[in-house]
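Observations on chain architecture
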Amino acid sequence: MDTESKKAPYTGSPFRRELFMKGLRESLFSRNPVFLESVGSTNSFLKKMGDSGAPEGTLVLTEEQTAGRGRMGRPWLSPKYVNLLFSLLLRPERMDIKEAFSLTVILALAAIDGIEAVSSVRGGIKWPNDIYVGQRKVGGILTEVCGGNRKIEYAVLGLGLNVNWRPEETDSLLYPTTSISAEYGEVVSREKLLAQILIRFEAYYKEVLRAGGTESFQERFNERALFLGRDVEIETADGNISGKAIGMDKYGALIIANRKHGEQRVLYGDVRVKFRGKEDSP
Ligand code: BTN
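What counts as what
- Residues numbered from 1 in each chain as written.
- Predicted model: local features only at pLDDT ≥ 70, side-chain atom pairs only at ≥ 80, totals over all residues.
- Heavy atoms only, no water.
- Helix = DSSP H or I, 4+ residues; strand = E, 2+ residues; numbered from the N terminus.
- Rg over C-alpha atoms; globule rule 2.2 N^0.38 Å.
- Buried < 20%, exposed > 50% of the residue type's maximum accessible area, 1.4 Å probe, protein only.
- Contact = heavy atoms within 4.5 Å.
- Areas by Shrake-Rupley, 256 points an atom, 1.4 Å probe, with all protein chains shown as cover.
- Lys, Arg positive; Asp, Glu negative; His and termini not counted.
- Charge placed at Lys NZ, Arg CZ, Asp CG, Glu CD.
- Axes fitted to C-alpha atoms, helices over the stretch in contact; angles between N-to-C directions.
- Parallel < 35°, antiparallel > 145°, perpendicular 65-115°, else oblique.
- Left-handed = near helix turned anticlockwise from the far one by under 90°.
- Nonpolar A, V, L, I, M, F, W, Y, C, P; charged D, E, K, R; others polar.
- Polar contact = N/O pair within 3.5 Å; in protein donor to acceptor, adjacent residues only side chain to side chain.
- pLDDT = per-residue confidence, 0-100.
- Patch = residues over 30% accessible without salt bridge, like charges linked within 9 Å, V, L, I, M, F, W, Y side chains within 5 Å.
- Salt bridge = Lys/Arg side-chain N within 4 Å of Asp/Glu carboxyl O.

A word on the overall build of the chain
When you go through the chain residue by residue, the secondary structure sums to seven helices and 13 strands. Here the C-alpha radius of gyration of the chain, 19 Å, is about what a compact globule of 282 residues would show, namely 19 Å. Across its three principal directions, the C-alpha atoms of the chain cover 55 × 55 × 30 Å. With 282 residues in all, the chain has 50% of them scored as buried. Relative to all contacts within the chain whose residues are 6 or more apart in sequence, the contacts with residues 24 or more apart total 67%. When the accessible area of the chain is evaluated, it comes to approximately 13400 Å², of which 49% is carbon and sulfur surface. Seen as two clouds, the 40 positive and the 37 negative side-chain charges of the chain have centres 1 Å apart.

Structure representation (structure tokens):
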């Protein structure tokens, strides 16, 4: 019998708020944290708070979601006590709705940098919102924006990160999945990891507001993007776009080049990499 099948399931442990707050210190996200044992979706919960005037920096973290949502209406699955499930409320003054992508980009970068700070695991980004380790998904971001007159009133950024999960114990996964501890070989502190991600995210957010875009992150993003230089097909609401992935522009849009249209900016879609005439994902 192999040793893997004898492993007892990892049941995790409750999130230690004090340890997390100590690691976060004075921060935009330490002013109004909300910790929930269970909720439908932290994004939906925080959007209601956003509508009622909750301040920028509000953090909602839960141990369990009963209706966790991913992009394209997909469910987000996670067992209780083992992963990170949280949302952040931002009110970036004067930010145009079309620049909202930059927020997803910097959260993805903060997540891979935070992961690397607490483990030696090197993550990659599958534009626009997936966090990968090797060929397996370890996390995803759901950004939802509320605004009018082309300006953002508030943005809710939700991150689901597989921290201490053993995805092999689940049989209802939609794609190849892993967790940080599965890659690292040890249980990872969710509290330290979240503090490390948020410390970085706050600094990156301030830089984006100062510079008016993600220009200073472009090089780093492109370095960690999974499919640059590859032939990709992107499923968008207006149909599929094919071409070579060139990189990300200063607002977080993906630049695709093909013979017919030259360079195109893609703001929303699901990327598949074309691989020897077929497609694979990522
Ligand atoms: C995706 O990969 O499609 C995005 C997944 C986003 C999941 C997170 S978990 C916390 C927050 N609440 C939700 O309902 N979704 C996001």
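Considerations on the packing of helix H6 (residues 190-211) against helix H7 (residues 215-224)
At their nearest, the axes of H6 and H7 sit 9 Å apart, and the two run at 130° to each other. The orientation of H6 relative to H7 falls into the category oblique. On H7, the residues that touch Tyr-204, Glu-207 and Val-208 of H6 are Ser-216, Phe-217 and Arg-220.

Comments concerning the packing of helix H4 (residues 101-118) against H7
Running from amino to carboxyl end, H4 crosses H7 at an angle of 65°, the nearest separation of the two axes being 11 Å. Classified by the angle between their axes, H4 and H7 sit roughly perpendicular to one another. The handedness of the crossing between H4 and H7 is left-handed. When H4 is examined against H7, the residues Val-105, Ile-106, Leu-109, Ile-112, Asp-113 and Glu-116 are found in contact with a partner set consisting of Phe-217, Arg-220, Phe-221 and Arg-224. A breakdown of the residues in the contact of H4 with H7 according to their chemical character gives six nonpolar, no polar and four charged.

Things to note about the side chain of Glu-144
With respect to the helices, strands and loops of the structure, Glu-144 is situated in strand E6 (residues 136-148). Residue classification places Glu-144 among the buried positions, given a relative accessible area of 15%. Reaching out from Glu-144, the side chain makes a polar contact with the side chain of Lys-47 at a distance of 3.2 Å. Here the side chain of Glu-144 touches Arg-69 through a polar contact of 2.9 Å, side chain to side chain. If sequence neighbours within four positions are ignored, Glu-144 has contacts with Asn-43, Lys-47, Arg-69, Tyr-154, Ala-155 and Val-156.

What to know about the confidence of the model for the chain
Detailed reading of the predicted coordinates is not advisable wherever pLDDT falls low. Averaged over every residue, the pLDDT of the chain is 89; residues scoring 70 or more account for 91%. Per-residue pLDDT stays below 50 along residues 1-5; that stretch engages in two contacts with residues further than four places along the chain or on separate chains. Taken together, the stretch residues 276-282 has pLDDT below 50 and engages in 15 contacts with residues farther than four places along the chain or on a different chain.

With respect to a nonpolar patch on the surface
A contiguous nonpolar surface patch, about 270 Å² in accessible area, is contributed by Met-72, Leu-267 and Tyr-268. For Tyr-268, the location among the structural elements is in the loop between strand E11 (262-266) and strand E12 (270-275).

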